[in-house]
Structures are given as structure tokens and as C-alpha cells.
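Letter by letter, the chains look like this.
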Amino acid sequence: MMQSIACPIGMAVSLFFCFGCQSSETSKQDGIPRIAISEEHILPFDQVATEVRFISLRPPENPSQNLASMIYHLFISDKIYYATNWYERTAVHIFDLDGNHINSLEKKGDGPAEYQLIQGIYIDDEVLSISSGQGVIKQYSLSDLTYIKEFTLGKSFLLSNFYPLDASSWLISVEFTGELDENGTFPVFMKVNSENGALSPLPIKASSVNAKLGEGSIAPFDNQFLLNYGLSDTLFTYDGDHVHAHLVLDFGNKHPDQKYLSANPEKFDQIVLDQSSAINLGHINYTAHTIQLKTFGPKESRMLDVKDLRTFPFHTVFIGPDQQVVGFLSFSGAEGKGFAKDGYFYEVLQTEDWMYAMENNLFGDYGAALEAYLETIPDPEDPIIMEFKVAF
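Please read these numbers as outputs of a predicted model, since none were measured by experiment.

Asks: What am I meant to see in the overall build of the protein chain here?
Replies: Regarding its fold elements, the protein chain presents six helices and 28 strands. When burial is assessed residue by residue, the protein chain has 56% of its 392 residues classed as buried. Restricting the contact set of the protein chain to residue pairs at least 6 apart, pairs at least 24 apart contribute 59%.

Shown next, in the form of C-alpha cells:
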């Protein structure tokens with residue numbers, strides 16, 4: 001079952017109200033690169049992507065499952081791990097790198113080895129970790145999917161992004177709980193001790209005005225982590241002890257007025273309709289010295305329809321090793337965090353994603369390859385992972 005793409009403007013606005021922006025003081029520090037992102041950087045997909053490959057995820061046949069869902073989590077190592085959180089069929093499905101089904105972990109329930117939902121996944125050292133709600137992490141062996149143990153990261157968090165720092169410390173980002181400090185802000189990222197639950201907030205804070213939905217995003221970055229969150233004009237790095245500003249995003253004359261947004265949140269829907277501001281949506285991936293973001297509005301949409309989010313100017317943007325910038329119109333809109341590994345980027349295309357892209361010739365020269373590939377797969381309703389590299 002697919003999520004409807006028709007929605008009122010209120011839902012469109014909620015996609016952007018992820019988090020508040022960091023103070024502009026950070027962007028004024030010497031030595032921090034300032035990266036311009038504008039309309040000229042948004043190009044046709046076939047001018048940005050190389051080595052494009054399409055991978056259909058073929059679901060298990062017994063029992064049969066429908067993997068088509070806008071609520072998913074993707075992780076790629078030597079296999080493809082695709083978790084769905086959809087009605088009663090909440091599961092982690094494992095495929096080889098060609099999309100052939102290998103195994104599935106499906107243990108929805110109330111028992112100690114079971115989960116009620118899947119908020120996020122992480123794979124490391126032959127262990128599958130699942131965030132199952134209330135800050136609880138449940139772990140399973142990758143070899144046979146047997147249950148290992150569970151532990152809690154902090155308090156009752158909605159937790160979709162979590163990475164281990166060492167044997168007992170984790171880096172997390174959480175959904176806003178409504179708790180604010182004396183300055184009316186809250187920490188977006190925290191370091192958590194999994195043995196005693198001690199929380200150490202990182203010094204990156206956001207305002208409740210913009211914290212309607214979503215949470216910060218984390219990407220492994222060499223021996224550190226890249227941190228990003230919606231509406232921020234700064235990307236940060238964290239080495240387990242210290243946070244540093246990594247680079248500043250500069251949208252030029254479309255750079256949002258943070259004070260105006262904070263003081264006039266009710267005006268935000270009009271800013272979206274006018275496409276007068278370009279906005280960092282908060283996603284982040286990293287591989288081969290290249291950062292991947294999602295943005296709204298660097299290049300305006302000439303056919304924006306408030307009832308169809310696919311007409312909104314959501315862009316997938318890449319910042320290269322020499323600070324080059326390229327981007328293209330996002331095939332999955334504001335949804336989907338995708339994945340990055342070994343120089344390749346991965347984006348999940350649900351049926352409605354690739355159909356819209358084909359109808360509007362968004363694949364360019366790669367459209368014929370996808371059309372030919374669709375004729376070879378048993379069910380075009382299954383999700384398709386698009387694998388590609390980026391050319392600057």
C-alpha cells in the first residue's frame with residue numbers, strides 16, 4: 001500500500017519544520033568553508049549520475065509480502081537490509097546485492113525477543129541492531145537472526161539514528177520530546193552510555209518553533225561523524241568528544257531569514273508556496289569524500305501543486321572533495337534517507353516514484369535502461385534501489 005501523494009499544504013509544511021537553525025555566529029568563524037548552493041548547481045540527473053544500476057528487491061514468496069512502503073530503513077554492507085514498518089508486517093528483509101531475497105527477521109510481538117515496531121536499524125560486527133521504541137535497542141545475530149539481548153539508550157525516545165562510539169557509548173539523534181531548556185531550546189544529538197543510560201547532550205541546539213517533525217541525521221565520516229538537521233545552515237563533525245563546524249551552507253539571496261521564521265512560524269506556508277527560500281531538509285550521507293544532502297528550493301518548480309508533493313522542488317545535492325556542488329531533482333521527494341557506501345549512493349524508488357520520474361523524463365538517458373530492466377522483473381510494484389556514483 002502506497003502513501004498518497006496528494007495532501008494539503010499543512011502536510012507539506014510539516015515536512016520542513018524539522019528543527020531550528022544554529023546561530024549564524026558559527027558561519028563567521030575563520031577557516032570554515034562556505035558552500036554556495038543555487039539554481040545553477042541543479043542539473044538533469046544524467047549529467048550528475050554515473051554507473052547507474054537498478055536493483056529490484058524481490059520479496060519472500062512464502063509468506064508473500066508487499067514491500068512497497070514510504071516507511072522504510074535501508075542499510076547496505078555485503079548485503080542489502082531493508083526494514084519496513086507497515087501494519088502487521090513489520091520486518092527486516094535481507095537481500096543479496098542483486099536484490100534476491102535471502103532471509104527475513106519478522107518477530108512482531110510483546111515477547112523479549114520480539115518488537116512492536118522498527119524505528120531504525122544498524123549493522124556491525126555480525127549483529128543487527130533494531131530500535132524498537134521507547135529507546136530500546138534489540139540485537140540479533142546476522143548469521144541466523146537469533147535474539148541476543150536488549151538495552152535502552154536513555155529515556156523513552158523515538159530513535160531512528162544511532163551509531164556506536166565504543167563498547168558502551170552511542171551517538172543518537174532523537175525526535176523532539178517537548179522538553180526545553182531555560183533558553184527555549186533542546187539538544188538535537190546526544191551521547192548515551194548504554195550501561196547506565198547516562199545522557200550527554202552535544203552542544204547543538206534547536207528551537208521548538210521548528211521542531212514539529214523529524215530528528216537530526218548522522219553519517220559516518222572517516223573516523224568521525226557528520227551531523228545535520230533540518231533548517232540548519234551548518235554541518236558539524238563529532239569525534240566522540242568534541243563538536244566542530246565543518247562547513248556552512250549558503251543559499252545566497254534565498255537564504256532563509258531565521259529570525260523571521262522563528263518569530264512568524266505561521267508565515268512558513270507562504271514561504272513554501274512562494275519558493276522564496278531554499279532550505280536544508282536535514283538528511284545526510286557520506287562516501288568517497290562526497291556529502292549528500294536534501295534541500296528544498298535552490299531551483300524553483302514551475303508547476304508546484306500544493307496537492308502533489310512530487311511537484312515540489314526537493315533536490316538531492318552533493319558536495320564534492322574540492323567543494324564542488326551538483327544536484328538533481330529528488331525522485332523520492334523529501335522522503336527517504338537512502339544510503340552511501342564505497343563511493344556509491346543508493347536511493348529507494350517506490351513504484352510511484354519511478355513512474356512519476358519516467359512520465360516527466362527525469363532519468364534522462366537512463367530512462368531507457370530502467371524501462372528495459374522493468375521488463376525483466378516479476379513485479380514492478382516491488383521497491384527498486386537505484387545505485388549510482390556522482391560526477392562533478
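Now that the structure is up, let's keep going.
Asks: Can you help me understand the packing of aromatic side chains in this one?
Replies: Here a ring pair, both rings aromatic, is described through the centre-centre distance and the interplanar angle of the planes. Tallied over the entire structure, the rule returns 25 aromatic pairs. Their ring planes at 85 degrees and their centres at 6.2 Å tell us that Phe45 and Phe363 sit as a pair that is edge-to-face. Note that Phe45 is positioned in helix 2 (residues 45–48) and Phe363 in the loop between helix 5 (351–359) and helix 6 (367–374), a separation of 318 residues in sequence. Side by side, Phe45 and Phe363 carry an identical accessibility label, which is buried. Relative to Phe225, the ring of Tyr163 has its centre 5.6 Å away and its plane inclined at 55 degrees; by these criteria the two rings are tilted. Of the two residues, Tyr163 sits in strand 11 (residues 159–164) while Phe225 sits in strand 18 (residues 224–228), which places them 62 residues apart along the sequence. Each residue in the set Phe45, Phe54, Phe318, Phe328, Phe331, Phe345, Phe363, Tyr366 and Phe388 is aromatic and connected to the rest through ring pairs, giving one cluster.

Asks: Which parts of the structure should I look at to understand helix 6?
Replies: The α-helix winds at 3.6 residues per turn, so residues separated by three or four positions along the chain end up facing the same way. Taken together, the buried positions of helix 6 are Gly367, Leu370, Tyr373 and Leu374. Along helix 6, the residues classed as buried sweep out an arc of 125 degrees about the axis, all on the same side. Of the surrounding elements, those touching the buried residues of helix 6 are strand 2 (49–56), helix 5 and strand 28 (384–390).

Asks: What is the right way to read the pattern of salt bridges from this model?
Replies: Note that side chains of opposite charge can pair when their charged atoms are close. Scanning the model with the defined rule gives 11 salt bridges in all. Here Glu51 ties to Lys389 by a salt bridge, and the two come within 3.8 Å at their closest N and O atoms. Within this pair, whereas Glu51 is found in strand 2, its partner Lys389 is found in strand 28, the two being separated by 338 residues in sequence. Of the charged contacts, one joins Asp181 and Lys205 as a salt bridge, the two residues approaching to 2.9 Å between their closest N and O atoms. Placement of the pair is Asp181 in the loop between strand 12 (169–174) and strand 13 (185–187) and Lys205 in strand 16 (residues 205–207), with a sequence separation of 24 residues. By relative accessible area, Asp181 is classed as partly exposed at 22%.

Asks: Would you take a moment to explain the nonpolar core for this structure?
Replies: What tends to happen in soluble globular proteins is that the nonpolar side chains get buried as a cluster. Formed by 56 residues in total, the largest nonpolar core has its most connected members in Ile121, Ile172 and Leu227. Phe54, Phe363, Tyr366 and Ile384 belong to the second largest nonpolar core, which has 24 residues in total.

Asks: Explanation requested: helix 5 in the structure shown.
Replies: Those residues of helix 5 not exposed but buried are Thr351, Asp353, Trp354, Tyr356 and Ala357. Buried-residue contacts for helix 5 involve strand 27 (344–349), helix 6 and strand 28.

Asks: Honestly, the pairing of strand 10 (residues 147–152) in this entry has me stumped. Any pointers?
Replies: The two faces of the sheet receive side chains in turn, since in a regular strand these alternate between them. Pairing geometry for strand 9 (residues 136–141) and strand 10, over five bridges, is antiparallel. Bridged to Ile137 within strand 10 is Phe151. Where strand 9 folds back on strand 10, the antiparallel hairpin that results is connected by five residues, among which Leu145 adopts a positive phi of roughly 60 degrees.

Asks: Mind showing me how you'd approach the sheet that holds strand 20 (residues 243–250) here?
Replies: Strand pairing in a sheet takes place through backbone hydrogen bonds and is either antiparallel or parallel in direction. Taken together, the five strands give an open sheet; going across it, the order is 1-20-19-18-17, and neighbouring strands pair in mixed fashion. The strands lining the two open edges of the sheet, one partner per strand, are strand 1 (34–36) and strand 17 (217–221). The mean angle between the axes of side-by-side strands here comes to 25 degrees, regardless of whether they run parallel or antiparallel. In this structure, strand 17 lies alongside strand 18, joined through five bridges in antiparallel fashion. Within strand 18, the position partnered with Ile218 by the bridge is Leu227.

Asks: I tried to follow the sheet that holds strand 11 on my own but got confused; where do I start?
Replies: The four strands lie next to each other as 11-12-14-15, forming an open sheet whose pairing is antiparallel. Strand pairing shows two members of the sheet lacking a second neighbour, strand 11 and strand 15 (199–201), which therefore form its edges. Recorded for the sheet is a direction-independent mean angle of 25 degrees between the axes of neighbouring strands. Bridging between strand 14 (residues 189–193) and strand 15 involves three bridges; their strand directions are antiparallel. Within strand 15, the residue paired with Lys191 across the bridge is Ser200.

Asks: In this structure, what is going on with the environment of Asn103? I would like to understand it.
Replies: Mapping Asn103 onto the fold places it in strand 6 (residues 101–105). Sequence separation between Asn103 and Tyr81 is 22 residues; the distance between their C-alpha atoms is 9.8 Å. Apart from residues no more than four positions distant in its own chain, Asn103 is found in contact with Val92, His93, Ile94 and Leu145.

Asks: Hey, could you run me through the pairing of strand 25 (residues 325–329) in this one?
Replies: When you tally the buried positions in strand 25, you get four out of five residues, the bulk of the element. Where strand 24 (residues 314–319) hands over to strand 25, the hairpin turn is made up of five residues, of which Gln323 adopts a positive phi near 70 degrees.

Asks: For this particular structure, what's the right way to read the environment of Leu231?
Replies: For Leu231, the location among the structural elements is in the loop between strand 18 and strand 19 (234–238). In sequence terms Leu231 and Asn280 are 49 residues apart; their C-alpha atoms lie 5.0 Å from each other.

Each value, and the rule that gives it
- Residues numbered from 1 in each chain as written.
- Predicted model: local features only at pLDDT ≥ 70, side-chain atom pairs only at ≥ 80, totals over all residues.
- Heavy atoms only, no water.
- Helix = DSSP H or I, 4+ residues; strand = E, 2+ residues; numbered from the N terminus.
- Buried < 20%, exposed > 50% of the residue type's maximum accessible area, 1.4 Å probe, protein only.
- Contact = heavy atoms within 4.5 Å.
- Phe/Tyr/Trp six-rings, centres within 6.5 Å; stacked < 30°, edge-to-face > 60°.
- Arc of directions from axis to C-beta.
- Salt bridge = Lys/Arg side-chain N within 4 Å of Asp/Glu carboxyl O.
- Core = buried A, V, L, I, M, F, W, Y, C linked by side-chain atoms within 4.5 Å.
- Pairing = 2+ DSSP bridges.
- Axes fitted to C-alpha atoms, helices over the stretch in contact; angles between N-to-C directions.

Keep in mind these numbers describe shape, not what the thing actually does.
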